[in-house]
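So you can see what is in the structure, the chains are spelled out below.
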Amino acid sequence: MAQWNKVVAVNLNGVFLCTRAAFRLMKAQLPQGGRIINNGSISAHVPRPNSAPYTASKHAITGLTRATALDGRKYDIACGQIDIGNAASEMTERMQAGVPQASGALAVEPTMDVAVVADAVLYMAGLPLDANVQFMTVMATKMPFIGRG
């Protein structure tokens with residue numbers, strides 16, 4: 001329960017609180033509007049073994065993204081989500097030694113330069129408010145996502 005609460009507090013509650021604060025500012029400013037880009041995960045679509053708290057929290061981000069996009073329309077607030085897979089970071093360092101797969105095997109997984117993610121976020125952020133990338137997936141081409149399992 002402690003792990004569940006910690007993951008949900010960071011991944012869901014934290015995003016909700018930031019979204020609420022940003023929404024209030026964007027709604028109150030003149031002119032109204034702005035853009036919120038949420039950090040989802042491909043794990044919300046295809047989970048890894050033993051990842052229930054993380055997967056559930058990232059799945060909830062997708063719902064929060066959709067609700068924020070809908071509620072923000074009348075205030076020119078656009079909300080989208082980027083789902084990232086295996087960007088080279090501290091979180092993915094363990095993949096070089098092999099991570100559990102659905103089959104029970106361990107496998108080394110490819111990663112991609114985190115700068116690719118930054119470029120994708122910059123693209124999303126640079127759009128005019130009358131256009132929105134609702135969902136974008138950026139992942140290492142050869143990672144086990146398509147066909148995972």
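Refer to the structure printed above.
Let me begin by describing the structure that accompanies this report. (Residues numbered from 1 in each chain as written. Predicted model: local features only at pLDDT ≥ 70, side-chain atom pairs only at ≥ 80, totals over all residues. Heavy atoms only, no water.)

## Focus on the overall build of the chain
Phase 1: A count of helical and extended segments in the chain gives three helices and five strands.
Phase 2: Starting at the N terminus, the α and β elements of the chain follow one another as α-β-α-β-β-β-α-β.
Phase 3: Taken over the C-alpha atoms alone, the chain extends approximately 55 × 35 × 25 Å along its principal axes.
Phase 4: For the chain, with 149 residues in total, the buried portion stands at 40%. (Helix = DSSP H or I, 4+ residues; strand = E, 2+ residues; numbered from the N terminus. Buried < 20%, exposed > 50% of the residue type's maximum accessible area, 1.4 Å probe, protein only.)

## Re the packing of aromatic side chains
Phase 1: Per the stated rule, a full pass over the model turns up one aromatic pair.
Phase 2: With a centroid separation of 5.8 Å and 80° between ring planes, the pair formed by F23 and Y75 is classed as edge-to-face. Residue F23 is found in helix α1 (residues 2-28), and its partner Y75 is found in the loop between α2 (52-72) and β2 (77-85); the two are separated by 52 residues along the sequence.
Phase 3: On the basis of relative accessible area, F23 is assigned to the buried category, the value being 16%. (Phe/Tyr/Trp six-rings, centres within 6.5 Å; stacked < 30°, edge-to-face > 60°.)

## A closer look at the pairing of β2
Phase 1: A large share of β2 lies buried, amounting to eight of its nine residues.
Phase 2: Note: strand β1 (residues 34-39) against β2, six bridges, orientation parallel. Note that in β2 the partner of N38 across the bridge is Q81.
Phase 3: In this view, the connection linking β1 to its parallel neighbour β2 by way of α2 has right-handed handedness.
Phase 4: Note that β2 and strand β5 (residues 135-139) share five bridges and pair parallel. Bridge pairing in β5 links Q81 to F135. (Pairing = 2+ DSSP bridges. Right-handed = clockwise from strand over helix to strand, strands pointing away.)

## Describing the side chain of T62
Phase 1: Note that T62 resides in helix α2.
Phase 2: Among the residues examined, T62 registers a relative accessible area of 8% and is labelled buried.
Phase 3: Within the structure, T62 has its side chain in polar contact with the side chain of Q81 (distance 3.1 Å).
Phase 4: Apart from residues no more than four positions distant in its own chain, T62 is found in contact with Q81 and F135. (Polar contact = N/O pair within 3.5 Å; in protein donor to acceptor, adjacent residues only side chain to side chain. Contact = heavy atoms within 4.5 Å.)

## As for the environment of Q96
Phase 1: Tracing the backbone shows Q96 in the loop between β2 and β3 (99-100).
Phase 2: Along the primary structure Q96 and L129 are separated by 33 residues, whereas in three dimensions their C-alpha atoms are 40 Å apart.
Phase 3: In this view, Q96 contacts V108, E109 and T111; residues no more than four positions away in its chain are not counted.

## Observations regarding the pattern of salt bridges
Phase 1: The tally for this structure, following the rule as stated, stands at one salt bridge.
Phase 2: The salt bridge involving E109 is made with R48; its shortest N-O contact spans 2.7 Å. With E109 in the loop between β4 (106-107) and α3 (114-126) and R48 in the loop between β1 and α2, this pair connects stretches of sequence that are 61 residues apart. By the burial criterion, E109 is buried, and R48 matches it. (Salt bridge = Lys/Arg side-chain N within 4 Å of Asp/Glu carboxyl O.)

## Considerations on the sheet that holds β5
Phase 1: One open sheet holds the three strands; their spatial order is β1-β2-β5, and the pairing between them is parallel. With partners counted over all chains shown, the strands left at the sheet margins are β1 and β5, one partner each. For this sheet the average axis-to-axis angle between neighbouring strands, irrespective of direction, equals 25°.
Phase 2: Along the sheet, α1 makes contact with β1 and β2, crossing β1 at roughly 175°.
Phase 3: Along the sheet face, α2 touches β1, β2 and β5 and points at about 160° away from the line of β2. (Axes fitted to C-alpha atoms, helices over the stretch in contact; angles between N-to-C directions.)

Any functional reading would require information beyond the geometric quantities listed.
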